[in-house]
Structures are given as structure tokens and as C-alpha cells.
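Per-entry structural report
One letter stands for each residue in the lines below.
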Amino acid sequence: MLTRRHFLGQAGATLVGAASAAPPGSPTAETSQPAWVRRPALAPVLARPDRLIDIAVCTRPFRAQGPRLEAQRLGRHTIVHHYGHGGSGWSLSWGWAQRALPLILATGERRIAVVGCGAIGLTTARMAQRAGLRVRIYAQERPPLAASMAATGWWSPDSRLCTAEHASPAWVHGWEQAARFSHRMFQQLLGLPGDPVQWIEGYTASDLPFDQPLPAPPGSDPEPDYAELEGRLADLRPRSRLLEPGEHPFRAAHVRRFGQFVFNLPAYSRLLYDDFLREGGEITTRRFDHLRELTGLRERTVVNATGYGARALCRDDSLVPIRGQTARLIPQPEVTYALIYRGHNVVMVPRRDGLVVQAQDPQDYGREALHPDRAASEAAVQRLAALFGA
Ligand SMILES: Cc1cc2nc3c(=O)[nH]c(=O)nc-3n(C[C@H](O)[C@H](O)[C@H](O)COP(=O)(O)OP(=O)(O)OC[C@H]3O[C@@H](n4cnc5c(N)ncnc54)[C@H](O)[C@@H]3O)c2cc1C
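Residues numbered from 1 in each chain as written. Predicted model: local features only at pLDDT ≥ 70, side-chain atom pairs only at ≥ 80, totals over all residues. Heavy atoms only, no water.

1. Let's talk about the packing of helix H3 (residues 89–105) against helix H4 (residues 119–130)
Direction vectors running N to C along H3 and H4 enclose 45°, while the axes themselves pass 8 Å from each other. One way to sum up the angle between H3 and H4 is to call them oblique. The handedness of the crossing between H3 and H4 comes out as right-handed. Mapping the contact onto sequence places Gly89, Trp90, Ser93, Trp94, Ala97, Gln98, Leu101 and Ile104 in H3 and Ala119, Ile120, Thr123, Thr124, Arg126, Met127 and Ala128 in H4. In terms of residue class, the contact of H3 with H4 is made up of nine nonpolar, five polar and one charged. (Axes fitted to C-alpha atoms, helices over the stretch in contact; angles between N-to-C directions. Helix = DSSP H or I, 4+ residues; strand = E, 2+ residues; numbered from the N terminus. Parallel < 35°, antiparallel > 145°, perpendicular 65-115°, else oblique. Left-handed = near helix turned anticlockwise from the far one by under 90°. Contact = heavy atoms within 4.5 Å. Nonpolar A, V, L, I, M, F, W, Y, C, P; charged D, E, K, R; others polar.)

2. Observations concerning the pattern of salt bridges
This structure, assessed with the given rule, holds 23 salt bridges. One salt bridge connects Asp50 with Arg48, and the closest N-O pair in it is separated by 3.1 Å. Here Glu378 ties to Arg374 by a salt bridge, and the two come within 2.7 Å at their closest N and O atoms. Taken together, the positions of Glu378 and Arg374, both in helix H8 (residues 374–385) and four residues apart, correspond to about one turn of that helix. Beyond isolated ion pairs, a larger network of salt bridges with shared partners links Arg134, Arg136, Glu282, Arg298 and Glu299. (Salt bridge = Lys/Arg side-chain N within 4 Å of Asp/Glu carboxyl O.)

3. What to know about the site of the ligand
Taken together, 33 residues are adjacent to the ligand, and Gly86, Ser91, Glu141, Ser148 and Trp154 come closest. In the model, an oxygen atom of the ligand is placed 2.6 Å from a nitrogen or oxygen of the Glu141 main chain. A distance of 2.8 Å separates a nitrogen atom of the ligand from a polar atom in the backbone of Trp154. Protein contacts shield 95% of the accessible area of the ligand, which totals 1,000 Å² for the unbound molecule. With three residues, H3 is the largest single contributor of residues to the shell around the ligand. Its residues placed into classes, the shell around the ligand shows 11 nonpolar, 18 polar and four charged. (Near = heavy atom within 4 Å. Polar contact = N/O pair within 3.5 Å; in protein donor to acceptor, adjacent residues only side chain to side chain. Areas by Shrake-Rupley, 256 points an atom, 1.4 Å probe, with all protein chains shown as cover.)

4. What about the pairing of strand S6 (residues 197–206)?
Both faces of the sheet carry side chains from a regular strand, because those side chains alternate between them. With eight of 10 residues buried, S6 is to be regarded as a mostly interior element. Sheet topology note: the S6/strand S8 (residues 254–263) ladder contains 10 bridges and is antiparallel. Residue Ile200 lies in a different strand from S8, and its bridge partner there is Gln260. Looking at chain direction, S6 and strand S12 (residues 337–342) are connected through six bridges and run parallel. Among the inter-strand pairings, Ala205 is bridged to a residue of S12, identified as Tyr341. (Buried < 20%, exposed > 50% of the residue type's maximum accessible area, 1.4 Å probe, protein only. Pairing = 2+ DSSP bridges.)

Structure, rendered in C-alpha cells:
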């Protein structure tokens, strides 16, 4: 069963169903407001393939049962496995790191190692430091080259994270606690120099009414039935609202507005990294080929935050690759809104380092990220252009 939501553009679209707007055409309190309230001036995206400046690919580390978080004894070492956060790694990182902390502290060690320097490794290291531990990161790659840096960079706490089948009430409770903790942390990071975390408005445009299901994209492979959970966090942000035709500039029959966190990944990862070093963190570039090699580390407590790398390192076939590709258009600081073109598999996020255009391919599931597919990103940019007319 293909879950359509992942072809809508993840989190922004989730609230579509949660909103309680009046039926289209009926007067609402907002439509009686002045035009400057109803139709904010939005700068158009210069959506042209010749403005593409970068294309990145990476693999979502997905496990049907959700992230692996458990301690394993290996000789005199304790390995705390902490990987498999699917399409939600940045969003859930703080909350899942908080969940990892008791396993780390239970070992009684004051110096620990974290293997991995992506979204999960960095935040786990920071949480351990906040708990008073000394931390050394070992990693093959660090930002800007770690795979996490190819992400879109927005709040998507239930994106390809766990299948509906595995989302037991206890699991969902743990997820919700983690998501709420992460959300609180991101609130604290708003308004900092360089905008590592930013609050923006976004628009979901659709040719079909929002209550009408989308047809399966041609040639799509089946994906599992994912747990859709974000409705449980509906109180954390303003409700999305269906707009009247005169309230937006986009060439689409149906448009909704929503609010959203954006992570400016270069500034945000730099902040995490600098904070880590400032609090005495150390980092060593190193690759491990076998889990047993971790027992050679002087730190006896080792967090395994190797993301998709854990599939090879731990011989863990429960990790399923889901390929993803993001491209950046030349930065346009005047574009301050996100855009999702529902049913056209395209998402645009206005990051400081460029307008990120995520092109989703219906055959991403089960595929590892390898080479960039420029034609796919160019096609996504052209689909985006259609929303602006010319
Ligand atoms: C296209 C795309 C868009 C996405 N957008 C979002 C989004 O908007 N919001 C969101 O929340 N999530 C998003 N995600 C998901 C998110 O990017 C991942 O969940 C997250 O990056 C996983 O982080 P990680 O730290 O586990 O893995 P990684 O970033 O892969 O980090 C793994 C670390 O371990 C190291 N490592 C791996 N193997 C070894 C080894 N054998 N020896 C030594 N070191 C090793 C690596 O070098 C690296 O430092 C997106 C994913 C994709 C593909």
C-alpha cells in the first residue's frame, strides 16, 4: 500500500486533514479582513533549472519497527545502538537523544564515545555533555560531508519513521515525548544569529481538492503503510487554513497555508559542532569496518550513531534504504515561504543557503542513494515553475 502522504511533501501536508477551515467559498472571519492580511506579498521563486547550484543525494535509514535504541554488551564495552530514524532524523534528534541518555548513564562511565557525526551523533553528543559527560566523536565524515547534510531541513517528525503495524501505544507514547522534547529545543534555537532554526509560513498547492485522494504516481513501487502521527502534535503549531482564490498568487485550484520550522542546516550543524567543541568535545576521523572494532576504543561506553552505515557495520538487514535527492536554487532571501505542490512530488524550502527543492521519486523505497540525477531535479524545478505561471 503506497502511502500518498510522502508524495505530498511530508509535514506541511499533514495538517491538511487536521484543519477545520470553513468550506471553500463561505465567508470566514479572515476573508473579511483587509487584503494585506489576506494576501501577503510573496516574492516569486525564480524556478529555472539554470539556477540550480547543487544537487545532493542521501539515504534515509528506515526500519519498519522504528529507530533502534538498545544497549549491547560487547566484552568490557557497552554499545548503545542509536540509528534508523528514517526521514525524521533532524526533527527527532534531540528527543531521541534524550531517550538514549539513560542507557548511556546506566553504564556509570564519565567518558564516552559517539560513533557518527550526523544529526543523531551530534545531538546525542551534546545531550551527553549537558549531562556532564566527556565525549569524543569518532566518524568517517562530519558536516558538511555527513549524509544528514543532504536533508531538506524541516520539521518532519513522522516521516518514514515506523510502519503502522509497529506503532504500538507504548511506542507512540515514546515518539510523542521525543517529538515534544525536540520541539521545545528548537523553540530555544529560534532568533539566533544566522537563523540556525527559523519559523516560516508555507503553502500547499493542489490541483485536486484536499479531501480527494491522489492517484498513485505511475510506476510507483509499494511502500509500507507508515504510522501517521503528527496529528498528535496539532497543538504545537497554528492550524493550516484553506485560502480563497484571491488570497494567494499561485496557479493552483486549491491552496492551504501552514506554519513550519526550518533548519538552516549549514548554520545549524555549525552551531552544534561549535558548541560540542566549546564544551570540551573532541573528534577523531575514523572508519570502522566491524562492530568488534569498537571494543578497541578506550571509552567503554560507545554510542553507535552511524545512520545507514549501521547496516554494514552491524550487519543489520532491518535497515531499509530510502533514497532521497535535494537540489538548491540560488539563494533568494526575499523568498520566505515554503511551497509544496501536492501530487507533483515537489517541495521547496527557503533555506539561507539556497531554495531547497526536493524531488521525490516513486521508486526511492529500497534504493540506496548513489549518484545525483540532475534530470529529476530539473523536472522538479519545472513543476514548481508551473505554480508561478511564466
Ligand atoms: C532527501 C532527504 C531529505 C530529508 N529531509 C529531512 C528533513 O527535512 N527533516 C528531518 O528531520 N529529516 C530529514 N531527513 C532524514 C534525515 O536526514 C536522517 O534521518 C538523518 O540524517 C539521519 O542522521 P544520522 O546521524 O543517523 O545519519 P548520518 O547523517 O548518515 O550520520 C552517520 C554518521 O556516522 C558515520 N559513519 C557511518 N558509518 C560509519 C563507519 N562504519 N565508521 C565510522 N563512521 C561511520 C558517518 O560518517 C556520519 O558521520 C531527510 C532524508 C533525506 C534522504
